[in-house]
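# Architecture and fold: a report
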Amino acid sequence: MKAPPKTLAMALSVLGLLGTSDVVAADLKQHLIAAIDAPDGRSDGELSGRMAEFFKGQTRSSSPVRVQVRTLSKFATAGCARLEATLIQDDVPTKDGKRIPLAVRYELNLCRDGQPPSEGIDLEAASRVLSGGSPAAMMRESGP
């Protein structure tokens, strides 16, 4: 089953906000880092601040936004893990007038310093993207 476009766009927006130094995602980052540090690899709580307000604006629901984070695996680099984060909100209106619970789940690799771990990253490809190479051009360069 494919995710609705709006849900996918919201998940991508959340991931994008996590990569910034802005305070918008500070509360969510705290939950992610808490899961990395927790003995059971989990962090649960209510999302607050600007990130919660952003989420509520997208869903058109004033209900609290809960966050559940669990560690899926640890990387060799200390303080780095693969995490699964779920944002949950009840009472979200649908187009047909119903009100339903909504959950947005995504996975990400994160270290305590807020950056992704370098393990598993194709540094050459990342360098080409950062230097302005388009993904299409990189595919042409690699060829069949």
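Here's a quick rundown of the structure. Throughout this description, residue numbers start from 1 for each chain and increase along the sequence as written. Only residues with pLDDT of at least 70 get local features here, since the model is predicted, and only at 80 or more are side-chain atom pairs given and counted; chain-wide, interface and lining totals rely on the full set of residues. Hydrogens and waters are ignored; side-chain quantities use all the structure's heavy atoms.

### Describing the overall build of the chain
Short version of the rule: Only runs of H or I of at least four residues qualify as helices and only runs of E of at least two qualify as strands under DSSP, and these elements are numbered from the N terminus. Residue exposure (1.4 Å probe, protein chains only): buried if accessible area is under 20% of the type maximum, exposed if over 50%, otherwise partly exposed. The protein chains shown are the only cover counted for residues, whose accessible areas, like all others here, come from Shrake-Rupley with a 1.4 Å probe.
Scanning the chain from N- to C-terminus turns up 5 helices and 4 strands. Ordered by position from the N terminus, the helices and strands of the chain form the series α-α-β-α-β-β-β-α-α. Expressed as a percentage of its 144 residues, the buried residues of the chain come to 34%. Entry remark: accessible area of the chain is about 8,900 Å², with carbon and sulfur atoms responsible for 56%.

### Quick notes on the side chain of Ser43
What counts here: Any N or O atom pair separated by 3.5 Å or less is treated as a polar contact, with the protein-specific requirement of one donor-capable and one acceptor-capable atom, and with residues adjacent in sequence counted only for side-chain atom pairs. Note on definitions: a residue-residue contact is assigned when non-hydrogen atoms from the two residues lie within 4.5 Å.
Mapping Ser43 onto the fold places it in strand E1 (residues 42–47). Take Ser43: its relative accessible area is 10%, and that puts it in the buried class. At 3.2 Å, the side chain of Ser43 and the side chain of His31 are in polar contact. Setting aside residues no more than four positions away along its own chain, Ser43 makes contact with His31, Ala34, Ala35, Val67, Gln68 and Val69.

### Comments concerning the nonpolar core
Put simply, the test is: Nonpolar cores were defined as sets of buried Ala, Val, Leu, Ile, Met, Phe, Trp, Tyr and Cys residues, with membership established by side-chain atoms within 4.5 Å.
Counting residues in each nonpolar core, the largest one holds 21 residues, and the members touching the most others are Leu28, Leu32, Leu47, Val69, Leu83 and Leu87. Breaking this core down by element, the ones donating at least two residues are helix H2 (26–37), helix H3 (49–59), strand E2 (65–74), strand E3 (80–93) and strand E4 (99–111). Apart from the residues lying within four places of it in its own chain, the contact partners of Val69 are His31, Leu32, Ala35, Gly41, Arg42, Ser43, Asp44, Leu83, Glu84 and Ala85.

### Let's talk about the sheet that holds E1
Note the following rule: At least two DSSP bridges between two strands are needed for those strands to be called paired. Each axis is a line fitted through C-alpha atoms, taken for helices only over the stretch in contact, and angles between the N-to-C directions span 0 to 180 degrees.
Ordered by their spatial adjacency, 4 strands build an open sheet running E1-E2-E3-E4, and the pairing between neighbours is antiparallel. Since the sheet does not close on itself, it has two edges, and those belong to E1 and E4, each with one partner. With direction set aside, neighbouring strand axes in the sheet form an average angle of 20 degrees. Along the sheet, H3 contacts E1, E2, E3 and E4; its crossing angle with E3, the most-contacted strand, is approximately 50 degrees.

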